[in-house]
Amino acid sequence: MWDEIDQDLIRRGWERYDELLPKLIEDYRGDAILIDCKSGQYVIQGRSEPRYAAEARLLESSPDAAVLMDYIADDTFAYAMPTTTAG
């Protein structure tokens, strides 16, 4: 699957994550962040919010988003692996 996804798009998503991290880490450590790799827009998934709801909020403003998801400065869970979707 990775060979089907634009590597430059993924790189831009991670660059945006690195840019946002310093201002989000204190208040949102461990929360999920969903970033549109195309526009740079992002949403923070609330702890009690389902993933699909957070992604729907992002897709409202960026309907063709390529979403990169990761946990903010937290890799304590084995399932906390970053994911991407191409829209």
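The preceding data block contains the structure.
The sections below set out a description of the structure shown in this document. (Residues numbered from 1 in each chain as written. Predicted model: local features only at pLDDT ≥ 70, side-chain atom pairs only at ≥ 80, totals over all residues. Heavy atoms only, no water.)

**As for the environment of Met 69**
Next, step 1: Checked against the element boundaries, Met 69 lands in strand β3 (residues 67–71).
Next, step 2: The exposure class of Met 69 is buried, given its relative accessible area of 3%.
Next, step 3: Sequence separation between Met 69 and Cys 37 is 32 residues, and the spatial gap between their C-alpha atoms is 10.0 Å. (Helix = DSSP H or I, 4+ residues; strand = E, 2+ residues; numbered from the N terminus. Buried < 20%, exposed > 50% of the residue type's maximum accessible area, 1.4 Å probe, protein only.)

**Notes on the environment of Arg 51**
Next, step 1: Of note, Arg 51 is situated in helix α2 (residues 51–61).
Next, step 2: For the pair Arg 51 and Ala 32, spaced 19 residues apart in sequence, the C-alpha separation works out to 8.6 Å.
Next, step 3: Excluding residues within four positions of it along the chain, Arg 51 makes contact with Ala 32, Leu 34, Gln 45, Met 69 and Tyr 71. (Contact = heavy atoms within 4.5 Å.)

**Overview of the pairing of strand β1 (residues 32–36)**
Next, step 1: Of all five residues that make up β1, five are buried, and the element is covered over most of its length.
Next, step 2: Of the two faces of β1, the one holding Ala 32, Leu 34 and Asp 36 and the one holding Ile 33 and Ile 35 are both buried throughout.
Next, step 3: Examined bridge by bridge, β1 and strand β2 (residues 42–45) share four bridges and lie antiparallel to one another. When the sheet's bridge partners are listed, Ile 35 is paired in β2 with Tyr 42.
Next, step 4: In sequence, β1 turns back onto β2 through a hairpin of five residues, with Gly 40 there showing a positive phi of about 85°. (Pairing = 2+ DSSP bridges.)

**Regarding the pattern of salt bridges**
Next, step 1: Taken as a whole and judged by the stated rule, the model has seven salt bridges.
Next, step 2: Residue Arg 11 pairs with Asp 8 through a salt bridge whose shortest N-O separation is 2.1 Å. Within this pair, Arg 11 and its partner Asp 8 are both found in helix α1 (residues 7–28), separated by three residues, close to a single helical turn.
Next, step 3: On the basis of relative accessibility, which here comes to 40%, the residue Arg 11 falls in the partly exposed class.
Next, step 4: A residue is classified by how much of its surface remains accessible, and Asp 8, at 34% relative accessible area, is partly exposed.
Next, step 5: Salt bridges linked by common partners bring Asp 8, Arg 11, Arg 12 and Glu 15 together as one network. (Salt bridge = Lys/Arg side-chain N within 4 Å of Asp/Glu carboxyl O.)

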